[in-house]
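Structural characterization, general
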Amino acid sequence: MHPHQLSAAFCGSVKHSGTAGPDRHSDGGGLGLTLTVQPSGTKSWVQYITIGGKRRMMGLGSFRLVSLAQAREQALSNLRVARAGRDPRRPKRRPPSFRDAAAETIALRAASWRSPKSRAQWESSLAAYAYPTIGDMRIDRIAAADVLAILEPIWGSKRETAQRVRQRISAVMQWAVAHGHRPDDPASDALMQVLPRRRPPVQHHAALPYADVPAAIEKVRTSNAWIGTKLAFEFLILTATRSGEVRGATWDEIDMEAETWTVPASRMKAEVEHRVPLSPPALDVLGRAREIVDAPLTAAVAGSPLVFPSIRGRALSDATIGKLLREHGIPAVPHGFRSSFRDWAAECTDTPHAVMEAALAHRVSSAVEAAYARSDLLARRRALMGQWGAFVERTA
């Protein structure tokens with residue numbers, strides 16, 4: 001910017017020249033600030049500024065009420081607002097509290113979330129960790145130190161939770177920046193440089209050695225648990241799929257003739273449709289599951305579209321199978337049986353890595369592999385799952 005031309009002394013002493021119309025004295029400095037002196041002697045501030053591509057004139061107040069320094073400060077603020085694509089003439093909305101800003105952020109993002117659980121998780125995590133500290137603070141007054149006060153107590157013991165809370169606070173701050181309530185995001189990735197970098201030990205899903213899997217199946221088969229839960233557990237092992245995919249399976253996804261189960265993209269972690277080849281033992285499980293619906297033990301499950309309904313005819317909860325394992329002394333979690341399968345495939349077969357990864361519906365790890373992964377390798381996976389089924393049944 002060019003140097004300013006006006007001084008406080010000049011502005012205070014300058015008189016009208018006596019010519020027709022007002023006198024105008026530019027301050028320079030690139031702000032468009034001008035002192036206007038009327039023939040009557042009245043002095044006022046005017047700013048000439050480009051808003052939305054059009055040259056505009058904005059009054060900044062009387063010289064009696066607004067000093068030269070104040071006029072320059074306001075002119076600079078207006079220029080920054082205009083260059084950000086907003087109109088400084090519009091009255092600025094009072095910045096909301098963090099709690100209110102979070103509600104608007106959540107409402108805006110909710111339309112893109114696949115599961116209603118996402119909204120509940122956002123709201124519960126912010127309510128538990130952020131709101132007690134910054135919930136009622138104005139969004140423009142929150143500093144990085146306030147965010148650190150939220151994260152530091154849980155960074156060591158609940159690292160994953162802390163990271164999610166930071167990301168959600170950051171999303172709210174980005175909403176505030178976009179709406180002109182603040183110039184920066186105090187919860188940005190840069191904040192991670194302040195927090196300790198040492199990560200807690202990775203906690204892997206508890207899994208059984210593959211040699212112990214058949215005995216676990218047999219223990220569950222002979223238990224008094226609900227038949228739908230027992231069959232879901234066995235099917236989960238035989239297909240090496242995730243608990244949620246099994247619990248949500250419906251009969252219209254099963255093609256008994258093609259011996260294939262097609263899980264839609266909407267129920268897959270990678271959001272890609274997954275075809276699962278069904279081995280003879282898996283087909284046998286489905287045959288027994290069909291009886292739950294066709295010859296129901298309870299009226300609630302009659303005609304259920306679910307392959308493995310609960311005793312009330314609804315989808316099994318995400319804790320049901322895990323509880324079954326704990327009650328029968330099986331030291332594993334449902335997801336851990338995917339690891340058991342993977343270890344067995346690596347140690348007991350000559351299956352290529354790509355086939356094993358496809359069987360687990362894992363994302364391809366690199367762009368190069370993705371370019372060549374044009375097939376879901378169904379035929380080769382069918383052979384692998386047949387071997388796995390035979391291993392489980394032969395040793396059970």
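Residues numbered from 1 in each chain as written. Predicted model: local features only at pLDDT ≥ 70, side-chain atom pairs only at ≥ 80, totals over all residues. Heavy atoms only, no water.

Spatial strand order, β1-β2-β3-β4: four strands in an open sheet with antiparallel pairing. A single partner strand is all that each edge strand has here, and the edge strands are β1 (23-26) and β4 (54-62). Along the sheet, successive strands turn relative to each other by an average axial angle of 30°, direction set aside. Bridge count between strand β3 (residues 43-51) and β4: eight bridges; the pairing is antiparallel. Pairing of I51 across the sheet is with K54, part of β4. Strands β2 (33-37), β3 and β4 of the sheet are contacted by helix α2 (residues 68-83), whose axis makes an angle of about 15° with β3. (Pairing = 2+ DSSP bridges. Helix = DSSP H or I, 4+ residues; strand = E, 2+ residues; numbered from the N terminus. Axes fitted to C-alpha atoms, helices over the stretch in contact; angles between N-to-C directions. Contact = heavy atoms within 4.5 Å.)

For the structure shown, the criterion picks out twelve aromatic pairs. Cluster of aromatic residues (ring-pair linked, three or more members): Y210, F341, W344, W388 and F391. The lysine or arginine in question, R99, covers the ring of Y131, its NZ or CZ lying 4.8 Å from the ring centre. One cation-aromatic arrangement involves R290 over W251; the distance from NZ or CZ to the ring centre is 4.3 Å. (Phe/Tyr/Trp six-rings, centres within 6.5 Å; stacked < 30°, edge-to-face > 60°. Lys NZ or Arg CZ within 6 Å of the ring centre and 35° of its normal.)

What follows deals with the pattern of salt bridges. Under the defined criterion, the tally for this structure stands at 16 salt bridges. Where E160 meets R164, a salt bridge forms, and the shortest distance between an N and an O atom there is 2.6 Å. With E160 and R164 both in helix α6 (residues 159-178) and four residues apart, the pair spans about one turn of that helix. We classify E160 as partly exposed; its relative accessible area is 48%. With a relative accessible area of 42%, R164 lands in the partly exposed category. One salt bridge in this structure joins R182 and D184, with 2.9 Å as the shortest N-O distance. When salt bridges that share partners are traced, they join E218, R221, E234, D284, R288 and E393 into one network. (Salt bridge = Lys/Arg side-chain N within 4 Å of Asp/Glu carboxyl O. Buried < 20%, exposed > 50% of the residue type's maximum accessible area, 1.4 Å probe, protein only.)

The next point concerns the pairing of β2. Side-chain positions along a regular strand alternate between the two faces of the sheet. For β2, a buried count of five out of five residues is recorded, marking the element as mostly surrounded by other parts of the structure. A two-sided burial pattern is seen for β2, the buried positions comprising L33, L35 and V37 on one face and T34 and T36 on the other. One ladder, built from four bridges, connects β1 with β2; its direction is antiparallel. Paired with H25 across the strands is L35, a residue of β2. Turn length for the β1-β2 hairpin, with the two strands adjacent in sequence and antiparallel, is six residues, and the turn residue G28 shows positive phi of about 65°. Bridge count between β2 and β3: five bridges; the pairing is antiparallel. Bridging from a neighbouring strand, T36 pairs with S44 of β3. Between the antiparallel neighbours β2 and β3 lie five residues, among them G41 with a positive phi of about 100°.

Here we come to helix α7 (residues 213-221). Within the sequence span of α7, burial applies to V213, P214, A216, I217 and V220. Viewed along the axis of α7, the buried residues span an arc of 160°, placing them on a single side of the element. (Arc of directions from axis to C-beta.)

Before going further, it helps to spend a moment on the confidence of the model for the protein chain. Taken residue by residue, the protein chain gives an average pLDDT of 86. The fraction at 70 or more is 92%. In this model, residues 365-374 is a region of pLDDT below 50 whose contacts with residues beyond four sequence positions or in other chains number three contacts. (pLDDT = per-residue confidence, 0-100.)

Quick look at the sheet that holds strand β5 (residues 254-255) now. If you walk across this open sheet you meet the three strands as β5-β6-β7, and the pairing is antiparallel. Across the chains shown, the open sheet's two edge strands, defined by having one partner strand only, are β5 and β7 (274-277). Pairing of strand β6 (residues 260-263) with β7, which is carried by four bridges, proceeds in the antiparallel orientation. Bridged to V263 within β7 is H274.

Okay, the packing of helix α3 (residues 98-110) against helix α4 (residues 116-134) next. For the pair α3 and α4, the least separation of the axes is 11 Å and the interaxial angle reads 165°. The angle between α3 and α4 falls in the class roughly antiparallel. Crossing handedness for the pair α3 and α4: right-handed. Here F98, R99, A102, T105, I106, A107, R109 and A110 of α3 lie close against α4, whose contacting residues are R119, W122, E123, L126, A130, Y131 and I134. Partitioning the contact of α3 with α4 into residue classes produces ten nonpolar, one polar and four charged. (Parallel < 35°, antiparallel > 145°, perpendicular 65-115°, else oblique. Left-handed = near helix turned anticlockwise from the far one by under 90°. Nonpolar A, V, L, I, M, F, W, Y, C, P; charged D, E, K, R; others polar.)

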